[in-house]
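Breakdown of the fold
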Amino acid sequence: MKKRSYEENVYHWLKRKGLAAKYDHAGIYCIKIDDTIVYIGKSMNMLKRVAQHYAAIKGQKERKYRILAEA
């Protein structure tokens, strides 16, 4: 059995929270910190993209995610 990544675990957690019906499709999204939009993006699957951003912010592997985590 293949071990799921942290990103996949976050995706499935969001689905269990009932967010799939609203966000499991293509769309445009933003990341807000303290009511300020700091990022605007588009995705073929917004729920998966949110999971990717969340995992990256927690892991802080890229510079942009380290900056977002510090904000």
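The paragraphs below set out a description of the structure included in this document. (Residues numbered from 1 in each chain as written. Predicted model: local features only at pLDDT ≥ 70, side-chain atom pairs only at ≥ 80, totals over all residues. Heavy atoms only, no water.)

In this model, helix α3 (residues 46-59) (14 residues) spans 20 Å end to end at C-alpha, consistent with the 20 Å of a helix rising 1.5 Å per residue. Residue Asn45 occupies the N-cap position of α3, its side-chain oxygen lying 3.1 Å from the main-chain nitrogen of Leu47. (Helix = DSSP H or I, 4+ residues; strand = E, 2+ residues; numbered from the N terminus. Expected span 1.5 Å × (residues − 1). Polar contact = N/O pair within 3.5 Å; in protein donor to acceptor, adjacent residues only side chain to side chain.)

Think of an α-helix as turning once every 3.6 residues; residues three or four places apart then point the same way. All of the buried residues in helix α1 (residues 6-16) are Val10, Tyr11 and Leu14. When α1 is viewed along its axis, its buried side chains cluster within an angular range of 100 degrees and face the same direction. Phi turns positive one or two residues past the end of α1, at Gly18, with a value near 90 degrees. (Buried < 20%, exposed > 50% of the residue type's maximum accessible area, 1.4 Å probe, protein only. Arc of directions from axis to C-beta.)

With that settled, consider the side chain of His53. Within the element layout of this structure, His53 appears in helix α3. Given the relative accessible area of 5%, His53 is considered buried. A distance of 2.8 Å separates a polar atom in the side chain of His53 from a polar atom in the side chain of Tyr29.

This part covers a nonpolar patch on the surface. The grouping of Ile28, Ile37 and Ile40 at the surface amounts to a nonpolar patch, some 350 Å² of accessible area in total. Tracing the backbone shows Ile28 in strand β1 (residues 27-33). (Patch = residues over 30% accessible without salt bridge, like charges linked within 9 Å, V, L, I, M, F, W, Y side chains within 5 Å. Areas by Shrake-Rupley, 256 points an atom, 1.4 Å probe, with all protein chains shown as cover. Salt bridge = Lys/Arg side-chain N within 4 Å of Asp/Glu carboxyl O.)

With that settled, consider the nonpolar core. Most often, soluble globular proteins have nonpolar side chains that are buried together. Ranked by size, the top nonpolar core spans five residues in total: Val10, Tyr11, Leu14, Leu47 and Ala51. Listed by contribution, the elements that provide at least two residues to this core are α1 and α3. The contacts of Leu14, once residues within four sequence positions are left out, are Leu19, Ala20, Leu47, Val50 and Ala51. (Core = buried A, V, L, I, M, F, W, Y, C linked by side-chain atoms within 4.5 Å. Contact = heavy atoms within 4.5 Å.)

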